[in-house]
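# Secondary and tertiary structure notes
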Amino acid sequence: MYIAMQGHDFHFELENTARLFLPHEPIRHGGLDGMPADGVKAYTFLREAEDASHLTVRLVLDDFDETAEETVLKGEEDHRDACELAMATLLYYHLVKLCGFTQSWGVLTGVRPVKLLRRLTAEQGQAAAEAFFRDKLLLSEEKMQLVRTTLGAENRLLSLSRPDSFSLYVSVPFCPTRCDYCSFVSYTVAKAKHLVDPYVELLCQEIRRTGEVARDLGLRLETVYFGGGTPTTLSAEQLTAVMQTVADSFDLSTVREYTVEAGRPDTVTEEKLRAIRAGGAGRVSINPQTLSDEVLETIGRRHTTAQFYDAYDLAAKVGFDCINTDLIAGLPSDTVEGFSRTLDGILALSPENVTVHTLSLKRASNLVVQHRSELPAGDAAIRMIAETADRLHRAGYHPYYLYRQSRMAGNQENVGWSKDGKDGLYNVYIMDETHTILGVGAGAVTKLKQYGTHYLERIFNYKFPYEYNVGLEEMLRRKESIYEFYRNYPPVFTEE
């Protein structure tokens, strides 16, 4: 598809809108002189007048030729945003006519719809905010209800955060193998085994220094999250060393939640789980993604369904307070019936959390790079997500966090479902950008949040383990800027 633009620079939102309907087609933009002879073509024009902006969108493919116009009056502070949304909406309605279906998320393409609803509710009130979602963003009632319910759950968790709160993220960027849908910066242990021992040693040094900074500033630790990668690629001894360093470096008495991802069942042993539990973690994530061995093989995930059940049983035996399982809807070679059987198996276990992702076709993943022919149909993912929402709700789970990504199968969403009292706090805090996140390890990003505002500053660690292993001094130097941030934006407590 080619999007010709004249008088505006709204290419990002127009491309995102077009991708909702044409997810596998290359989308280009430029001037009228670059218009190709064939294929889907959109002509988009913005003409400025003294009191208004006049928008025109024309969509052409073979015998299909539709044009629509809209006028956006000037005078409002967010006039440019209103023009961009109006132009995306005109293109959306043309694509609905061309393709013959609508989108349940309408023209909303942002990552954090719940955060947007929260902000608009604070500014305009609930009725006006929800009207904007329905009338301007064109959400279906089903997705409106999902966002509304998730907002209520998130608000309860956000109220626990204080001006001096922060969370700690510990990155372990190693995996046993790379799954075909993944684009995270992580190294397979087979290729990077020589990096692991020095990485753990340097990670402990960074943890100790980060703990000193937190203590100096009087910050209050709310949640700890070990992610990656797959933290359980480390040995039990290495996990103990890292977790003991966390315990020695931070005051854990205020911690509300401590999570370690044990995402790959083929890395889970009883010894590792006992080390994690002894280290202070009460929540663990063991992720099958699917309970079909055939689908697991298709996506390059080198474990079996039986290994997942064994790992889950071990976690229950060790005595974790909360076990999370991740599933992915829309995986290659999966079917609606197969996904339903996966739900049967997960619901029989009755885990405290179930996170249901929709497959996102990430550009750097093997699925996209290798041009797999078995990519899923969007309508199958839509049916899978609909069944998930129905069955988890009936089983006593509620949605507690939600986010979206580009190029998702069926243009759906990722939702964390929880039993009452078992919501994952870190997931909400990182998605909402509620408070400061201090990140340690390769690929970690420290996010410094000014309390009560939307202002963030970021400090990036080196992405790759080989960079991290030679660059610790530079990363510790960068972390010195945390002191300056809190001098400029000290935590301010207000009377309740």
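To be clear, the structure that these remarks concern was listed above.
Source: prediction; values computed, not measured.

Reading the values: the criteria
Residues numbered from 1 in each chain as written. Predicted model: local features only at pLDDT ≥ 70, side-chain atom pairs only at ≥ 80, totals over all residues. Heavy atoms only, no water. Axes fitted to C-alpha atoms, helices over the stretch in contact; angles between N-to-C directions. Helix = DSSP H or I, 4+ residues; strand = E, 2+ residues; numbered from the N terminus. Parallel < 35°, antiparallel > 145°, perpendicular 65-115°, else oblique. Contact = heavy atoms within 4.5 Å. Nonpolar A, V, L, I, M, F, W, Y, C, P; charged D, E, K, R; others polar. Core = buried A, V, L, I, M, F, W, Y, C linked by side-chain atoms within 4.5 Å. Buried < 20%, exposed > 50% of the residue type's maximum accessible area, 1.4 Å probe, protein only. Pairing = 2+ DSSP bridges.

## Some words on the packing of helix α7 (residues 236-249) against helix α8 (residues 270-278)
One way to put it is that α7 packs onto α8 with a least axis distance of 9 Å and a crossing angle of 10 degrees. Classified by the angle between their axes, α7 and α8 sit roughly parallel to one another. Across the interface between the two elements, A236, E237, L239, T240 and M243 from α7 touch E271, K272, A275 and I276 from α8. A per-class count over the contact of α7 with α8 returns 5 nonpolar, 1 polar and 3 charged.

## Some words on the side chain of T388
If you trace the backbone, T388 turns up in helix α13 (residues 378-394). Setting aside residues no more than four positions away along its own chain, T388 makes contact with F339, L343, V356, H393 and W417.

## Brief notes about the nonpolar core
Membership of the largest hydrophobic core comes to 115 residues, with the highest contact counts inside it found for M1, F133, L168, F226 and Y258. A total of 11 residues in this core trace back to one element, the largest contributor, which is helix α6 (residues 189-217). Discounting residues that sit within four places of it in the chain, F133 has contacts with L108, P113, L116, L117, L120, L138, L139, M144 and V147. Core analysis: the second largest hydrophobic core is formed by 10 residues, L158, Y401, L425 and M431 among them.

## Structural notes on the sheet that holds strand β3 (residues 41-48)
Strand order in the open sheet made by the 5 strands is β2-β1-β3-β4-β5, with mixed pairing throughout. At either end of the open sheet lies a strand with only one pairing partner, and these are β2 (28-30) and β5 (64-73). Shown here is a sheet whose adjacent strand axes are inclined to one another by a mean of 15 degrees, direction ignored. Pairing analysis gives 5 bridges linking strand β1 (residues 2-6) to β3, with the strands arranged parallel. Across the sheet, the residue bridging to Q6 is F45, located in β3. Each of β1, β2 and β3 touches helix α1 (residues 11-21); the most contacted strand, β1, lies at about 150 degrees to it.

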